[in-house]
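# Observations on the model geometry
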Amino acid sequence: MATFKILCTPGDGIGTEVIAEALKVLARVEKRFKHEFQFDEEIIGGAAIDKYGEALRSKTIAKAKASDAVLFGAVGGPKWDNPKAKVRPEDAILGMRKQLGLFANLRPVKIHPLMLADSTLRREVVEGTDMVVIRELTGGLYFGRPQKRWEDSRGRQAVDTLRYSEKEITRICHVGFKLAQQRRKKLTSVDKANVLRTGQLWREIATEVGKQYPDIQLDHLLVDAAAMNLIRKPTSFDVIVTENMFGDILTDEAAMLAGSMGMMPSASLGKRKKDGTGIGLYEPIHGSAPDIAGQGKANPLAMILSAAMMLRLSLGLEAEAACIEGAVDAVIVAGYRTPDIAGTGSSVVDTVKMGDLVAEAV
Ligand code: IPM
Ligand code: MG
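Residues numbered from 1 in each chain as written. Chains lettered and ligands numbered in written order. Predicted model: local features only at pLDDT ≥ 70, side-chain atom pairs only at ≥ 80, totals over all residues. Heavy atoms only, no water.

### Remarks on the sheet that holds strand β4 (residues 104–110)
An order of β2-β1-β3-β12-β11-β4-β5-β10-β8-β9 is seen for the 10 strands of this open sheet, with the pairing classed as mixed. Two strands lie at the open edges of the sheet, namely β2 (36–41) and β9 (217–222), each paired on one side alone. Ignoring strand direction, the axes of neighbouring strands in this sheet form an average angle of 25°. Bridge analysis of strand β3 (residues 69–74) against strand β12 (residues 280–284) gives 3 bridges, and the strand direction is parallel. (Pairing = 2+ DSSP bridges. Helix = DSSP H or I, 4+ residues; strand = E, 2+ residues; numbered from the N terminus. Axes fitted to C-alpha atoms, helices over the stretch in contact; angles between N-to-C directions.)

Structure, rendered in structure tokens:
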């Protein structure tokens, strides 16, 4: 019997609702496959600001570092939205990524054949979409310094810094090429090399790293063109690798190819062990959605699919991961949908019911 330590950080809004469903599903996996999952829970984000005055305590980081993986819900909400506040809920997710060294964010985008008709895009455009966006997660505009706002005789001003080092670009490019090797052998590196110095460095290094992967077809795309091609011809992409901010924007866009933000899981990974596993943070790409929080409308599938990624990438449990993915598929095939993905002829269910259905299918 294998034992694993998992830290849960539900956070705010629908984060707490969707994580409860993922835990339900994991409990079934635990039973069926005879593992022991030791869950611990920590308050983060806005809830932690209310309780402790900070979004992410060092105790939480210490617990995360001592775990095999972190299951992360979502953070933020109108209550903590003051942009001038010293502490912000988002500090929790940014701090977690940075302090755990999770530099590679994997966001798979796939549309279920039965959800094609309900896409906001035409069926013939989205049909066959199957890509993974790899977003650099611990550099770029999110973490570059200086980052500040001030006021002087010219009025209010603010600065953020877009900075990338050779080391940061090289390691994320390797992640991209290696993943492409396991897939359709095509990597698209997205930058803004026609304007930004960081973009030129990015392209240069991606090309250099590419020489070590002669089996991979490497293309470069400017981020504006990438945004267009994502909805013009999404099937032209296999693996995309890009910097932090571009990845944030492009993956919200890409989520709509999968039908809804509520369908898109993600894995944030750092250094890997010899067997390919290593600590990771698993979260849906959607936020805390305060507009629907507490109403049972949230789609827990992105969180449940994130738990599947956790089993595969941090715990090395491939069959168990595939079992969860199969269960989600079965529930979709049976016609069950949360409101965000409801279409013609489907049975609309709430968050808890959706979790129950997936758990039963495991
Ligand atoms: C995401 C989110 C976060 C980000 C926010 C909540 C800080 O949008 O994971 O995509 O910008 O990285
Ligand atoms: Mg985002």
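Next comes the rest of the write-up.
### A word on the pairing of β2
In terms of strand pairing, strand β1 (residues 3–11) meets β2 through 6 bridges, oriented parallel. Paired with Leu7 across the strands is Asp40, a residue of β2. Of the crossover connections in this fold, the one passing from β1 over helix α1 (residues 14–33) to the parallel β2 is right-handed. (Right-handed = clockwise from strand over helix to strand, strands pointing away.)

### Some details on the site of ligand 1
The environment of ligand 1 is formed by Glu90, Ile93, Arg97, Arg107, Arg135, Tyr142 and Asp248. At 2.9 Å, a side-chain N or O of Asp248 approaches an oxygen atom of ligand 1. Notes on ligand 1: free accessible area 320 Å², of which the protein chains cover 78%. Of the residues forming the shell around ligand 1, the biggest block, 3 residues, is contributed by helix α4 (residues 90–99). Classifying every residue of the shell around ligand 1 gives 2 nonpolar, no polar and 5 charged. Residue-level mapping places the shell around ligand 1 at the junction of two domains, with at least three residues from each of domain 1 (1–110 + 261–362) and domain 2 (120–258). (Near = heavy atom within 4 Å. Polar contact = N/O pair within 3.5 Å; in protein donor to acceptor, adjacent residues only side chain to side chain. Areas by Shrake-Rupley, 256 points an atom, 1.4 Å probe, with all protein chains shown as cover. Nonpolar A, V, L, I, M, F, W, Y, C, P; charged D, E, K, R; others polar. Domains from an automatic or database assignment.)

### Let's talk about the nonpolar core
Phe37, Leu71, Leu301, Met310 and Leu311 are the most contacted members of the largest nonpolar core, which totals 86 residues. It is helix α10 (residues 301–313) that contributes the most residues to this core, 9 residues altogether. Discounting chain neighbours no more than four positions away, the residues touching Met310 are Ile6, Leu26, Ala69, Leu71, Tyr282 and Leu315. Among the nonpolar cores identified, the runner-up in size contains 17 residues, and Ile61, Trp80, Ala92 and Ile93 belong to it. (Core = buried A, V, L, I, M, F, W, Y, C linked by side-chain atoms within 4.5 Å. Buried < 20%, exposed > 50% of the residue type's maximum accessible area, 1.4 Å probe, protein only. Contact = heavy atoms within 4.5 Å.)

### A look at the domain arrangement of the protein chain
If you check the domain split of the protein chain, you get domain 1 (1–110 + 261–362) and domain 2 (120–258). Placing a centre on the C-alpha atoms of domain 1 and another on those of domain 2 gives a separation of 23 Å. Each partner contributes to the interface: domain 1 provides 18 residues, whereas domain 2 provides 22 residues. Summing both sides of the interface, domain 1 and domain 2 together bury roughly 2000 Å²; the carbon and sulfur share of this comes to 66%. Sorting the residues of domain 1 by area buried against domain 2 places Phe103, Arg107 and Val109 first, and these three jointly supply 34% of that buried surface. There are 6 residue pairs in polar contact (both at pLDDT 80 or more) connecting domain 1 and domain 2. Mapped onto the side of domain 1 that touches domain 2, the elements with two or more residues apiece are α4 and β4. Counting residues per element, the side of domain 1 that touches domain 2 draws most heavily on β4, at 7 residues. In terms of residue class, the side of domain 1 that touches domain 2 is made up of 11 nonpolar, 2 polar and 5 charged. (Buried area = accessible area lost by both parts, 1.4 Å probe.)

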